[in-house]
Amino acid sequence: MRYDRRSAEAEEYRKRYKTARWRKRRAAHLQQEPLCRMCSAAGLVNDGSRKMDGSLQDNPRRRFLVADHINPHKGDAYKFYLGKLQTLCPDHHDIVKQAEERRGFVCDAGEDGWPTDPMHPANR
Ligand SMILES: [Zn+2]
């Protein structure tokens, strides 16, 4: 058997993305929201065929859309299957995830307008 560097935990996350339940949820989400949310906010129509600057995506491996968990699920099954999703192009997905990792918290707000992340400075 091949040596696998991924931790057991990461392996568990990865498995979850392969479940029929997730695939169904992802497909239903992308059907409901078929355009990158951040490209749309910038006035661009991106169904996964474009880069975030509006030019054609010339890398076929990046020609898709991500059903992104707005609040990181961090392996939590409840958040994974029931947490809110947003559609992002791979460019925007990379940017959002990198910014979150650098800051250590996300800026999403709940229904009441207050940041939902316990790590957000407003909640510390
Ligand atoms: Zn985008």
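Conventions we followed
- Residues numbered from 1 in each chain as written.
- Predicted model: local features only at pLDDT ≥ 70, side-chain atom pairs only at ≥ 80, totals over all residues.
- Heavy atoms only, no water.
- Helix = DSSP H or I, 4+ residues; strand = E, 2+ residues; numbered from the N terminus.
- Buried < 20%, exposed > 50% of the residue type's maximum accessible area, 1.4 Å probe, protein only.
- Contact = heavy atoms within 4.5 Å.
- Areas by Shrake-Rupley, 256 points an atom, 1.4 Å probe, with all protein chains shown as cover.
- Lys, Arg positive; Asp, Glu negative; His and termini not counted.
- Charge placed at Lys NZ, Arg CZ, Asp CG, Glu CD.
- 1 Å grid on protein atoms, 1.4 Å probe; cavity = no way out; pocket = protein on both sides within 12 Å on 5 of 7 lines; lining within 4 Å.
- Points joined across faces, edges and corners; volume = space filled by probe spheres on them.
- Nonpolar A, V, L, I, M, F, W, Y, C, P; charged D, E, K, R; others polar.
- Donors = N, O, S within 2.8 Å, 3.2 Å for Na, K, Ca; no water.
- Tetrahedral: all angles 85-135°; square planar, octahedral: opposite > 155°, others 65-115°.

Caption draft 1: Structural view of the overall build of the protein chain. Counting its regular elements, the protein chain contains five helices and two strands. Starting at the N terminus and ending at the C terminus, the protein chain contains elements arranged as α-α-α-β-α-β-α. Overall, the protein chain is about 50 × 35 × 30 Å in size when its C-alpha atoms are taken along their principal axes. Across the 124 residues in the protein chain, those meeting the buried criterion constitute 31%. For the protein chain, contacts bridging at least 24 residues in sequence account for 53% of all contacts bridging at least 6. Carbon together with sulfur atoms contributes 54% to the accessible area of the protein chain, which is approximately 8700 Å² in total. One finds the centroid of the 25 positive side-chain charges in the protein chain at a distance of 5 Å from the centroid of its 18 negative side-chain charges.

Caption draft 2: Seen up close, the layout of surface pockets. There is about 580 Å³ of room inside the largest pocket. In terms of lining residues, the largest pocket is bounded by 20 residues, among which Y17, D68, H73, H93 and K97 are the most central. At the level of elements, α2 (20–32), β1 (66–69) and α5 (90–103) are the ones that each hand at least two residues to the lining of the largest pocket. A class-by-class count of the residues in the lining of the largest pocket yields nine nonpolar, four polar and seven charged.

Caption draft 3: Region of the structure containing the coordination of the zinc ion. For the zinc ion, every protein donor is listed as C36 (SG), C39 (SG), C89 (SG) and H92 (ND1), and the spread of their distances is 2.0 to 2.3 Å. With four donor atoms in place around the zinc ion and angles of 105 to 116° between them, the coordination shape is tetrahedral. Coordination of the zinc ion draws on donor residues from a single chain, spaced C-x2-C-x49-C-x2-H in sequence. In this pair, C36 is assigned in the loop between α2 and α3 (37–41) and C89 in the loop between β2 (85–88) and α5, connecting sequence segments 53 residues apart. A single burial state applies to C36 and to C89, both of which are buried.

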